[in-house]
Amino acid sequence: MGQVGSIREPKDRVVLAYSGGLDTSVAIKWLQENYDLEVVAVAVDIGQGGDLDAIRDKALKVGAVHAEVVDAKKTFAEKYIARAIKANALYEGQYPLATALSRPLIAKILIEVAQGTGAAYAAHGCTGKGNDQVRFEVTMRALNPGITIIAPAREWDFTRETAIEYAKEHNIPIPITKKSPYSIDENLWGRSVECGILEDPWIEPPEDAYGMTVDPTKAPDDPTYLEVTFEHGVPVALNDESMDIVTLIDKVNKIAGENGFGRLDKVENRLVGIKSREIYEAPAALALIKAHQDLEDMTLDRDLAHYKYLVEQKYSEMIYYGLWFSPLRDALDAFINETQKVVNGVVRLKFYKGSCKVVGRRSPNSLYDRELATYEAGDTFAHQAAAGFNKIFGLGLETWGRKYRK
Ligand code: ARG
C-alpha cells in the first residue's frame, strides 16, 4: 500500500535557452511551477564571454534536470557570420546584426537538444516587445513544427523587484554583481545596449554603456594599420598570418576596439512596429564589412555590384526578421556565393581615434586597369570612341529635350 502512488509519471520536458541571468533563472522555477515541466537548460557559447561552466552549474542548482553548454563559436562564425560578411549584411545600412544572426543558431541548437532529450516544449526569456522572440519562434517552428513554445517573460508580470522577490523565495541565487542599468546582448559579432538613460534618443550615451571599444578621444595617438586577406569573400588572414575565422574576428575586435572604432547610435525599426534607440558596438563587424565592400569595388563587374546591393538589403532584412531558415535565404546565398568567386585579395585598414579607413587594396582578380584609368603617359583608353558613345547614350534625353524643353 502506498507504493503505487510513489511511482511518478515521467513529466514532460522543456528546453530553455538559458543565459544564467536573473530572468532565465527565474524561468526555470516558473516553468516547473506553472507548467509542471522538467527543465533542460541550454547555454550556447557564441563568444559572449563569461564563465559558461558556472552558468551550467547554476542551472542545475536552481533546479534544471539537465544543463548543457554548447560551444557554437565555430559554427556561428563559419555558417552565419561568414555569410553575413559576403552579403555585407547591415540592417538599415548600419547595424551588422550580431544579435539577429545568433538567434537562428541558438534556436536550432535548442531544437536539437529538445530532440535529444525528448522535450516537447521549448522556452526562451524574451519579452513580447522585441525582435528576438520572433526570431526564436519562427526558427523553432520552421525546424520543428511540432514543438510547443513557451515565453515565460511574456506571461508573467514580474518587475525587476518582484522577480528578485520570487528568486529569494525560491532560493535562486541573485547575481551579486551590481546590475547594469542596461539590457545588453553580446557575442563574437558585436554588442547591443538598450534601456535606462539610452531610451532618451537625445541624450548622448554615457561611457559606461560601452564594453568593446575605448573612448575614441582616449585611443592611441598613433594609427594602427591592419591588412586583411580575403578568399572568396571570407577573411582568412591578418597581416599575412593565416588563422581560423573565430580567432581572426576576436583579433579585429580587439585592434579596432582599442582604437575606439565600432560604435553606433541609431534609432531602429523593430519588426513589431516599435522604433527603438539602439547603441551597438561592432568593431570587427564594421571593419571587416568595410574592407570586404572595398575589395568588391575592385573585383566585381559594375552591373553585378549594383544588383548585389539590392540582394544585400533584402538579405539583411531577412536576418533581422528571423527568416534565416528559408528557401529565399538559401537562394540569395547561392547568388552571393557566385559573386564571391573573384573576391580575393588584401585590404589595408588604418585605425585612428575612432575611425577606420581603407587606405590600400590589391587583388589577383582586380578589374582596375591602370592603363585605362591613368591621366598620365601610357593611356590606352579610346578617347575618340567616347564622342560616339556619348552621342548615342544621350540620344533619348536629347530627343525628349527637343520636344519638351522650350
Ligand atoms: N535591437 C537588436 C536586434 O533586434 C538587439 C536586441 C537585443 N539587445 C539587447 N540589448 N537585449 O537585433
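Presented here is a report on the structure given in the accompanying data block. What you are looking at is a predicted structure, and each value in this text was computed from that prediction instead of being measured.

**Details of the sheet that holds strand S7 (residues 190–194)**
Now for step 1: Here we have 4 strands laid out as an open sheet, ordered S6-S7-S12-S11, and antiparallel in their pairing. Single-partner strands in this sheet number two, and they are strand S6 (183–187) and strand S11 (263–269). The mean angle between the axes of side-by-side strands here comes to 25 degrees, regardless of whether they run parallel or antiparallel.
Now for step 2: In terms of strand pairing, S6 meets S7 through 5 bridges, oriented antiparallel. When the bridges of S7 are listed, Asn187 appears paired with Gly190.

**Some details on the nonpolar core**
Soluble, globular proteins show a tendency: their nonpolar side chains are buried together.
Now for step 1: Ranked by internal contacts, the top residues of the largest apolar core, which has 79 residues, are Phe76, Leu97, Leu101, Trp189, Ile249 and Leu349.
Now for step 2: Ranked by residues supplied to this core, first place goes to helix H5 (residues 98–117) with 11 residues.
Now for step 3: Counting 28 residues, the second largest nonpolar core, distinct from the first, contains Val14, Leu52, Ile150 and Ala153.

**Comments concerning the sheet that holds strand S10 (residues 241–242)**
Now for step 1: With antiparallel pairing, the 5 strands of this open sheet are ordered in space as S10-S9-S8-S13-S14. Either end of the sheet is taken by a strand with one partner, and the two such strands are S10 and strand S14 (355–362).
Now for step 2: Where strand S13 (residues 345–352) lies against S14, 7 bridges are found, and the strand directions are antiparallel. Residue pairing in the sheet places Arg348 in a bridge with Gly360 of S14.
Now for step 3: Against the sheet, helix H9 (residues 245–258) engages strand S8 (224–231), strand S9 (234–238), S10 and S13, with an angle of about 70 degrees to S9.
Now for step 4: Helix H10 (residues 283–299) rests against S8, S9, S13 and S14 of the sheet, and its axis sits at about 35 degrees to S14.

**Section: the side chain of Gln340**
Now for step 1: When you line up the elements, Gln340 lands in the loop between helix H12 (327–339) and S13.
Now for step 2: Among the polar contacts listed, one links the side chain of Gln340 to the side chain of His292, at a separation of 2.7 Å.
Now for step 3: Residues within four places of Gln340 in sequence aside, it is in contact with Lys86, His232, Gly233, His292, Glu296 and Lys308.

**Points about unusual backbone geometry**
Now for step 1: The phi dihedral of Asn88 falls on the positive side, at around 45 degrees, and the residue is not glycine.
Now for step 2: Note that Asn88 resides in the loop between helix H4 (73–86) and H5.
Now for step 3: The phi torsion at Cys195 lies on the positive side, around 80 degrees, for a residue other than glycine.
Now for step 4: Its place among the elements puts Cys195 in the loop between S7 and S8.

**A few points about the site of the ligand**
Now for step 1: In the region of the ligand, 15 residues are neighbours, and Tyr95, Asn131, Arg135, Ser183 and Ser192 sit closest.
Now for step 2: With respect to the ligand, the side chain of Tyr95 contributes an N or O atom lying 2.6 Å from an oxygen atom.
Now for step 3: A distance of 3.1 Å is found between a nitrogen atom of the ligand and a side-chain nitrogen or oxygen belonging to Tyr280.
Now for step 4: Considering the ligand on its own, with 350 Å² of exposed area, one finds that the protein chains cover 91% of that surface.

**What to know about the environment of Ala142**
Now for step 1: Topologically, Ala142 is positioned in helix H6 (residues 132–143).
Now for step 2: The sequence separation of Ala142 and Leu97 amounts to 45 residues, and the corresponding C-alpha distance is 20 Å.

**A short note on the packing of helix H2 (residues 22–35) against helix H3 (residues 52–62)**
Now for step 1: For the pair H2 and H3, interaxial distance at closest approach is 9 Å and the crossing angle is 30 degrees. Here H3 runs roughly parallel to H2, going by the angle between their axes. Relative to H3, the crossing made by H2 is right-handed. On H3, the residues touching Ser25, Ile28 and Lys29 of H2 are Lys58, Ala59 and Val62.

Calculation rules
Residues numbered from 1 in each chain as written. Predicted model: local features only at pLDDT ≥ 70, side-chain atom pairs only at ≥ 80, totals over all residues. Heavy atoms only, no water. Pairing = 2+ DSSP bridges. Helix = DSSP H or I, 4+ residues; strand = E, 2+ residues; numbered from the N terminus. Axes fitted to C-alpha atoms, helices over the stretch in contact; angles between N-to-C directions. Core = buried A, V, L, I, M, F, W, Y, C linked by side-chain atoms within 4.5 Å. Buried < 20%, exposed > 50% of the residue type's maximum accessible area, 1.4 Å probe, protein only. Contact = heavy atoms within 4.5 Å. Polar contact = N/O pair within 3.5 Å; in protein donor to acceptor, adjacent residues only side chain to side chain. Near = heavy atom within 4 Å. Areas by Shrake-Rupley, 256 points an atom, 1.4 Å probe, with all protein chains shown as cover. Parallel < 35°, antiparallel > 145°, perpendicular 65-115°, else oblique. Left-handed = near helix turned anticlockwise from the far one by under 90°.

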